[in-house]
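# Tertiary structure, described
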Amino acid sequence: MAELIALVLGGFGGVLLALLALLALWLGLRLSGRVTQHGLMPWFFPSQLLAAAISMAFTGRSFDAPGLSVAGAVTASWAGEWSIRIASLIALIGSIDALLRWIRSGERVFSLRLSVMLAFVLLWLTQILSPALWGRYPEVQTFWAYSLVVGLGLLALSAQAAEQTLIRFRDAQALFCVASLLLAVFWPNLVLQRDYEQGFIDGLPRLAGLAPHAVSMAGLAATLLIVLLYRPYQRPWLQHLVLLITVAVIVLTQSKTVWALLAVALPLVLAFQGRLPTWRALANSPHRSWAALGYAVAGTGGLAILAWSVSGEAGYKLGSFIASDEGAQLMSLTGRDRIWALAFEEWRQSPVFGYGISLFDAAHRAALRFGAATHAHNQYVDSLARSGLVGLAGAVVYVLALLAAAWRVARRTQGLSMGLLIILLAYSVTEVPLSLTSLGTANFYHWVLLAVLGGALATPVAVPVPSHSREQVRAC
């Protein structure tokens, strides 16, 4: 009898929650056009960043805790959970609203934007649904569907909505970086890893900020830097100040991956924007003699470094470095070779659909007696182990679709699409930027790229001109 009552009450509660969710969705869609002209989607990034900041501030994380050097002691809090729920609700309502606006816009159906949308659906099916249902350890969570709706909503944005979304991301992320730097002074154990020993500068602490990890913070700051080049602040002093803050955050996060990817992405974006001097401009410049001298000095220095590198002294120093603990860690890619070996072993046991989404979760790491990794630290290795050959194929197809779309709109976005794509591809080597299990800040560069592609691929819709306006034009 008790089981029957519990079943009835549970069913009634489920129906009530579903009705409340539908009511909230209806109210959100009705209010969306009134709150802002372009719907709620431009508030996606600010709400997510605010939820991340609140959640991290109430976790109780402390990098000074004994024996904890990466994430510190983290506990869930009601403030963090509810802020994430509200941000997720804004994201879902904004995405559905954006999709409805796209359907009503009259845009032609068969387009490159639709192709990218279908590629994103394929990614979600192969990375989430397939391993959740047919992986070696199947598991289903309803919130995993959020990423599908939000990704499609970002790709469905109009050009104006995408521009507003990008500006809101820029402003919110700038405040996020400022707050992280201020907390480094007033609350250092929350945001600073002061015992970091793998940096280039001895004694320099590593900044994780209000992000879950320093790597996530570095990715956020790198994305902000690329966006600032595309959409700068109108006041020069404010633009210079935000650029300085962003660069400071990138340096303090001490992410070698971000430093390397920016060395490639920044010149590419600057070249698309026409800010880099061409060979013809240098040849016709009155300062061409100084330019020639600079190239001569650089060439001479390069030859000197090459000569030194083939000498016995360089070989001796290189051997000494590799023999050291730091060199051994570098040669093993800071331990990632062991993580990859474990991931490949899990894949071999279920090659088609993979281990499942729970790969490297707390229970899995405890079983392996390996608590250092929450993923495979490589997008393609992770996709292969987590979702098998099906997931790897979906990831490859999706990346190719992103590459085609980003290249198509590269000039229209002044290199922004290619710069963001380089960030995503570079992070794929050591991280999992295509993870779709959450909407958090860890993979914001992926979401920003989708917003940029959605706006740039939007087909302009002709606005009907009133008859009296046409008569006035003829009269003129």
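For the structure itself, consult the block above.
## Describing the packing of aromatic side chains
By the definition in use, this model includes twelve aromatic pairs. Aromatic pair Phe44 and Phe45: ring centres 4.9 Å apart, planes at 65°, arrangement edge-to-face. Looking at Phe44, the relative accessible area reads 0%, which means it is buried. One cation-aromatic arrangement involves Arg170 over Tyr233; the distance from NZ or CZ to the ring centre is 3.9 Å. Across from the ring centre of Tyr230, 4.6 Å away, lies the NZ or CZ of Arg231, which sits over that ring.

## Points about a nonpolar patch on the surface
Taken together, Leu125, Leu129, Leu133, Trp134 and Val140 make up a surface patch of nonpolar side chains, about 460 Å² in accessible area. Turning to its location among the elements, Val140 is positioned in the loop between helix 4 (112–134) and helix 5 (146–155).

## Topic: the pattern of salt bridges
Between side chains of opposite charge, pairing is possible as soon as their charged atoms come close. Applying the stated criterion across every chain yields a total of six salt bridges. One salt bridge in this structure joins Asp97 and Arg101, with 2.8 Å as the shortest N-O distance. In this pair, Asp97 and Arg101 both sit in helix 3 (residues 78–104), four residues apart, roughly one turn of the helix. By relative accessible area, Asp97 is classed as buried at 7%. Residue Arg101 is classed as partly exposed on the basis of its relative accessible area, which comes to 28%. Residue Arg348 pairs with Glu345 through a salt bridge whose shortest N-O separation is 3.4 Å. Here Arg348 and its partner Glu345 are both found in helix 15 (residues 336–349), three residues apart, which amounts to about one turn of the helix. Residue classification places Arg348 among the exposed positions, given a relative accessible area of 52%. You can call Glu345 partly exposed: its relative accessible area is 40%.

## So, the packing of helix 4 against helix 17 (residues 379–408)
Running from N to C, helix 4 and helix 17 cross one another at 170°; their axes reach a closest spacing of 9 Å. Looking at the two axes, helix 4 sits roughly antiparallel to helix 17. In the contact of helix 4 with helix 17, the residues fall into 15 nonpolar, eight polar and two charged.

## Focus: the packing of helix 8 (residues 214–230) against helix 18 (residues 416–430)
The geometry of helix 8 relative to helix 18 is characterised by a closest axis approach of 9 Å and an angle of 165° between their N-to-C directions. It follows that helix 8 is roughly antiparallel to helix 18 by the angle criterion. In this structure, the crossing between helix 8 and helix 18 has a hand that is right-handed. Here Val215, Ala218, Gly219, Ala222, Thr223, Ile226, Val227 and Tyr230 of helix 8 come into contact with helix 18, specifically with Leu416, Leu420, Ile423 and Tyr427. Residues belonging to the contact of helix 8 with helix 18 are distributed by class as follows: ten nonpolar, two polar and no charged.

## Quick notes on the side chain of Arg168
The topology assignment puts Arg168 in helix 6 (residues 159–186). Lacking a salt bridge, the buried Arg168 has Asp171 as its closest oppositely charged neighbour, with an N-O distance of 6.0 Å. Beyond its immediate sequence surroundings of up to four residues, Arg168 is in contact with Pro42, Trp43 and Pro46.

The rules behind the values
- Residues numbered from 1 in each chain as written.
- Predicted model: local features only at pLDDT ≥ 70, side-chain atom pairs only at ≥ 80, totals over all residues.
- Heavy atoms only, no water.
- Phe/Tyr/Trp six-rings, centres within 6.5 Å; stacked < 30°, edge-to-face > 60°.
- Buried < 20%, exposed > 50% of the residue type's maximum accessible area, 1.4 Å probe, protein only.
- Lys NZ or Arg CZ within 6 Å of the ring centre and 35° of its normal.
- Patch = residues over 30% accessible without salt bridge, like charges linked within 9 Å, V, L, I, M, F, W, Y side chains within 5 Å.
- Areas by Shrake-Rupley, 256 points an atom, 1.4 Å probe, with all protein chains shown as cover.
- Salt bridge = Lys/Arg side-chain N within 4 Å of Asp/Glu carboxyl O.
- Helix = DSSP H or I, 4+ residues; strand = E, 2+ residues; numbered from the N terminus.
- Axes fitted to C-alpha atoms, helices over the stretch in contact; angles between N-to-C directions.
- Parallel < 35°, antiparallel > 145°, perpendicular 65-115°, else oblique.
- Nonpolar A, V, L, I, M, F, W, Y, C, P; charged D, E, K, R; others polar.
- Left-handed = near helix turned anticlockwise from the far one by under 90°.
- Contact = heavy atoms within 4.5 Å.
- Lys, Arg positive; Asp, Glu negative; His and termini not counted.

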